[in-house]
Amino acid sequence: MGGALSHLRVLDLSRVLAGPWAGQLLADLGAEVIKIERPGNGDDTRAWGPPYLRDADGEATSESAYYLCANRNKRSVTVDITRPEGQALILDLLAHCDVLIENYKVGGLAKYGLDYATLRARFPRLVYCSITGFGQSGPYARRPGYDFLIQGLGGLMSLTGRKDGEAGAGPQKVGVALTDILTGLYATVAIQAALAYRERHGVGQHIDLGLLDVQVACLANQNLNYLTTGTAPTRLGNAHPNIVPYQDFPTADGDMILAVGNDSQFASLCAACGHPEWAEDPRFSRNAARVAHRDALIPLLAGVTRSRPTQAWIALLEQAGVPCGPINNLAEAFADPQIQAREMRIDLPHPLAGSAPGVANPIRLSESPVEYRSAPPTLGQHTEAVLQSLLGLDAAQIDALRSRGVL
């Protein structure tokens, strides 16, 4: 029957991570996604290495690991949109598409006649998704915006890192470009909402997504911690501002995480630690009290957790119903039996390397499961096939366009 979105075709003019992440998710759900890339160079992330995908002989290919993470299930077509002939090709392709995704600077596509204001007259049903650092309006709208910059500006780095006064204290970015990923997820939701609206009303619309908006929106409880008190939260390392104990603890051979979500779990933890009296102590018996007296409780718990190795604690605490776990590196994470049981690693045939590894989509649909049709494409891999099948161009026409540098 095909994927849930197999009736849709997406023209993806985006590059780097936020836009391509949205395009990959739509493609996983069945949409045909045509990735438009610059001739010769392609998506910026193709050059963001090492590491690069290696072939059967262990030699590096031209495909960077970064590019591979966000471009599965797409078809790559090279078009120079700065050329009138290239712009004409994009317009011809849009006649066959439902969605356009782009992450050019504000106004950047207007000079090519590919901005929403221009396209909406010709393609009134088009869903046009723009992703920028700061959105289409406001004093920063024309500034470039990268994830690291947004993590600082939007407040995330004021919450991430060791507590002030501790060794190594100071602002710290998250270890992945989380704002880009979250923006890609919001873009996917917004695109499907716009398509649902189109089904009822027959018209497309413009989606305006800014990384800074997404970053601020996703601070969740920390936003409300500030808005309800007027006091800006500060860094707490791995501790939680509203729940105690909910952080890392030392063990005899490393560290582990305790994630105690309620008073009953805390009582079970105390019993497992050999100190049931802590659960009756008025400083610790309720979560609000534990938050107020965390500086007294955490050293007590740490003094006990150091007495056993990590895996011994996990075995004991899981039996007691206390949420806990190790702190894995990625090698350990992919070796974890739960992650293996959920088949989170995938491998897809690749024209240069034979096979390319990837990470499974976490969405599990019972009737229209995610599809893994193809590895991330090589640059321009599908140019001829797409231009022939959708636009009816023959080999001579394609060769002529390529000779003039349009493809």
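Before going into details, it helps to say that this report is about the structure given with it.

What counts, and where the lines are drawn
- Residues numbered from 1 in each chain as written.
- Predicted model: local features only at pLDDT ≥ 70, side-chain atom pairs only at ≥ 80, totals over all residues.
- Heavy atoms only, no water.
- Helix = DSSP H or I, 4+ residues; strand = E, 2+ residues; numbered from the N terminus.
- Contact = heavy atoms within 4.5 Å.
- Areas by Shrake-Rupley, 256 points an atom, 1.4 Å probe, with all protein chains shown as cover.
- Lys, Arg positive; Asp, Glu negative; His and termini not counted.
- Charge placed at Lys NZ, Arg CZ, Asp CG, Glu CD.
- Polar contact = N/O pair within 3.5 Å; in protein donor to acceptor, adjacent residues only side chain to side chain.
- Salt bridge = Lys/Arg side-chain N within 4 Å of Asp/Glu carboxyl O.
- Buried < 20%, exposed > 50% of the residue type's maximum accessible area, 1.4 Å probe, protein only.
- Pairing = 2+ DSSP bridges.
- Axes fitted to C-alpha atoms, helices over the stretch in contact; angles between N-to-C directions.
- Core = buried A, V, L, I, M, F, W, Y, C linked by side-chain atoms within 4.5 Å.
- Phe/Tyr/Trp six-rings, centres within 6.5 Å; stacked < 30°, edge-to-face > 60°.
- Lys NZ or Arg CZ within 6 Å of the ring centre and 35° of its normal.
- Parallel < 35°, antiparallel > 145°, perpendicular 65-115°, else oblique.
- Left-handed = near helix turned anticlockwise from the far one by under 90°.
- Nonpolar A, V, L, I, M, F, W, Y, C, P; charged D, E, K, R; others polar.
- Patch = residues over 30% accessible without salt bridge, like charges linked within 9 Å, V, L, I, M, F, W, Y side chains within 5 Å.

What follows is about the overall build of the protein chain. The number of helices and strands found in the protein chain is 16 helices and 13 strands. C-alpha extents for the protein chain along the principal axes are approximately 85 × 50 × 40 Å. Relative to all contacts within the protein chain whose residues are 6 or more apart in sequence, the contacts with residues 24 or more apart total 67%. Carbon and sulfur atoms form 55% of the exposed surface of the protein chain, whose accessible area is close to 19,900 Å². One way to put it: in the protein chain the 35 positive side-chain charges average out to a point 5 Å from where the 41 negative ones average out.

At the junction of G49 and P50, the peptide bond is cis and its omega measures out at 5° in the coordinates. Note on placement: P50 falls in the loop between β2 (32–37) and β3 (52–54). Backbone torsion omega between P50 and P51 reads 5°, so that peptide bond is classified as cis. Although it is not a glycine, V16 sits at a positive phi angle of roughly 75°.

Before going further, it helps to examine the side chain of R235. Topologically, R235 is positioned in the loop between α8 (220–227) and β9 (246–251). A distance of 3.4 Å separates the side chain of R235 from the backbone oxygen of G170, its partner in a polar contact. Not counting chain neighbours up to four residues away, the residues in contact with R235 comprise M157, S158, L159, T160, G161, R162, K163, D164, G170 and P171.

A word on the pattern of salt bridges. The final tally for this structure, using the stated rule, is 18 salt bridges. In this structure, the salt-bridge partner of R404 is E85, at a minimum N-O distance of 2.8 Å. Placement of R404 in the segment after α16 (395–403) and of E85 in helix α3 (residues 84–94) is noted, with a sequence separation of 319 residues between them. Residue class for R404 comes out partly exposed when judged on its relative accessible area of 40%. Connected via shared salt-bridge partners are R9, E32 and R75.

Read across the open sheet, the six strands follow the order β5-β2-β1-β6-β7-β8; overall the sheet is parallel. Two strands lie at the open edges of the sheet, namely β5 (74–78) and β8 (206–210), each paired on one side alone. Neighbouring strand axes in the sheet, compared pairwise and without regard to direction, differ in orientation by 20° on average. The sheet contact formed by strand β1 (residues 9–12) and β2 spans four bridges and is parallel. Across the sheet, D12 pairs through a bridge with K35, a residue of β2.

Time to look at the nonpolar core. Grouped together as the largest cluster of nonpolar side chains are 30 residues, with contacts concentrated most on L11, I36, L94 and L119. Among the elements of the structure, β2, α3, α4 (116–122), α15 (383–391) and α16 are those that each provide at least two residues to this core. When residues of this core are assigned to their parent elements, the largest contribution, five residues, is made by α3. For L11, the residues in contact, after removing those within four places along its chain, are I34, I36, I90, L93, L94, C97, V99, L100 and I101.

On to the packing of aromatic side chains. By the definition in use, this model includes three aromatic pairs. Here W48 and Y66 contribute two aromatic rings whose centre-to-centre distance is 5.0 Å and whose plane-to-plane angle is 80°, an arrangement assigned as edge-to-face. Of the two residues, W48 sits in the loop between β2 and β3 while Y66 sits in helix α2 (residues 65–68), which places them 18 residues apart along the sequence. The side chain of R46 reaches across the aromatic face of Y67, ending 4.0 Å from its centre. One residue, R308, lies across the ring of W313, its end atom 4.9 Å from the ring centre.

Turning our eyes to something else, we now look at the packing of helix α1 (residues 18–28) against helix α6 (residues 178–201). Where α1 meets α6, the axes come as close as 7 Å, and the angle between the chain directions of the two elements is 50°. Comparing their axes, α6 and α1 come out oblique. Here the hand of the crossing between α1 and α6 comes out right-handed. Contact residues: α1 offers A18, W21, A22, L25 and L26, while α6 offers D180, I181, T183, G184, L185, A187, T188, I191 and Q192. When its residues are assigned to classes, the contact of α1 with α6 shows nine nonpolar, four polar and one charged.

A separate point is the sheet that holds β9. Sheet strands pair via backbone hydrogen bonds, and the direction of the pair is either parallel or antiparallel. The sheet built from three strands is open, its strands ordered β9-β10-β11 with antiparallel pairing. Only two strands of the sheet have a single partner each, and these edge strands are β9 and β11 (324–326). Between one strand axis and the next, the sheet turns through 30° on average, direction left out of account. Sheet topology places strand β10 (residues 254–259) next to β11; three bridges connect them, and they run antiparallel. Across the sheet, M256 pairs through a bridge with P326, a residue of β11.

Taken together, the side chains of L224, Y226 and L227 make up a nonpolar region of the molecular surface, amounting to roughly 320 Å² of accessible area. Within the secondary structure layout, L227 lies in helix α8. With relative accessibility at 59%, the residue L227 sits in the exposed group.

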